[in-house]
Amino acid sequence: MAFFVDIDYLKKNSLIHGNVNTDQLSVILRRTQKLRVEPILGTPLYKDLLDKIENGGLTAADITLLNDYLIPCLMIYCEIMAAKYYNVEIRNKSTGRSSDEYQTANSDTQNSVFTDELYTNAKIFEQTLIGYLIDNSADFPKYCEYQNSLKENVPPKPETDSYDDKISFIYK
């Protein structure tokens, strides 16, 4: 599977330390791309960009999208996932909090404060990414198709706001 960003680039340009296990970080990056980036871009544009990364053919607009909008957003979402999951080890007998002689793991509260701040930053980058896609819709027709399909799949609003015929209460 292609990545939008190289693991070494992610380590050098994010809050993720350089000594982080590359195999585990690859899992985090793969999940973050699938769970965070694909819903933003829509499957058609997501797959199109990954295909162009693997096989060539990125346009100038694609490169701008990746470098200025998508990759910064992706890196923050990777930081959030890494902060949550590097604190935990799943082993053959149990799941527990990991620590070593040089560093003490954050408490759940400390980690929540940290990841909440990262999440706020990620949402700003996400909105900027979406704004770029909307402003440059001519360069990203697959994004427009995806947005239109979302609008088509919205169920019609009921004519009445009454739920009397849908809910029944039994009193004893």
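Small disclaimer: the values here were computed from a predicted structure and weren't measured.

A. View of the confidence of the model for the protein. Overall, the predicted model of the protein reaches an average pLDDT of 84, with 76% of residues at or above 70. Model confidence for the protein, summarised as mean pLDDT per element, is weakest for strand S2 (residues 95-97) at 62 and strongest for helix H3 (residues 43-55) at 95.

B. Inspection of the nonpolar core at higher detail. With 40 residues, the main nonpolar core has Phe4, Leu41, Leu70, Leu133 and Phe140 as its most contacted residues. For this core, the leading source of residues is helix H4 (residues 60-85), giving 14 residues. Here Leu70 is in contact with Phe4, Val37, Leu41, Leu49, Leu65 and Leu129, once residues within four sequence places are set aside.

C. The arrangement of the packing of aromatic side chains in detail. Following the criterion strictly, the structure yields four aromatic pairs and no others. Judged by centre distance (4.3 Å) and plane angle (15°), the ring pair of Tyr69 and Tyr132 falls under stacked. Highlighted residues: Tyr69 in helix H4 and Tyr132 in helix H5 (residues 108-135), separated in sequence by 63 residues. On the accessibility criterion, Tyr69 (21% relative accessible area) is partly exposed. Members of the aromatic cluster, connected to one another through ring pairs, are Tyr69, Tyr132 and Phe140.

D. Region of the structure containing the packing of helix H2 (residues 22-41) against H3. Running from N to C, H2 and H3 point in directions that differ by 115°, and their axes come no closer than 6 Å. When the axis of H2 is compared with that of H3, the two are roughly perpendicular. Note on packing geometry: the crossing formed by H2 with H3 is right-handed. Only Thr43, Leu45, Tyr46, Leu49 and Leu50 of H3 make contact with H2, whose side of the interface consists of Gln33, Lys34, Val37, Glu38 and Leu41. Broken down by class, the residue content of the contact of H2 with H3 amounts to six nonpolar, two polar and two charged.

Cut-off values and rules
- Residues numbered from 1 in each chain as written.
- Predicted model: local features only at pLDDT ≥ 70, side-chain atom pairs only at ≥ 80, totals over all residues.
- Heavy atoms only, no water.
- pLDDT = per-residue confidence, 0-100.
- Helix = DSSP H or I, 4+ residues; strand = E, 2+ residues; numbered from the N terminus.
- Core = buried A, V, L, I, M, F, W, Y, C linked by side-chain atoms within 4.5 Å.
- Buried < 20%, exposed > 50% of the residue type's maximum accessible area, 1.4 Å probe, protein only.
- Contact = heavy atoms within 4.5 Å.
- Phe/Tyr/Trp six-rings, centres within 6.5 Å; stacked < 30°, edge-to-face > 60°.
- Axes fitted to C-alpha atoms, helices over the stretch in contact; angles between N-to-C directions.
- Parallel < 35°, antiparallel > 145°, perpendicular 65-115°, else oblique.
- Left-handed = near helix turned anticlockwise from the far one by under 90°.
- Nonpolar A, V, L, I, M, F, W, Y, C, P; charged D, E, K, R; others polar.

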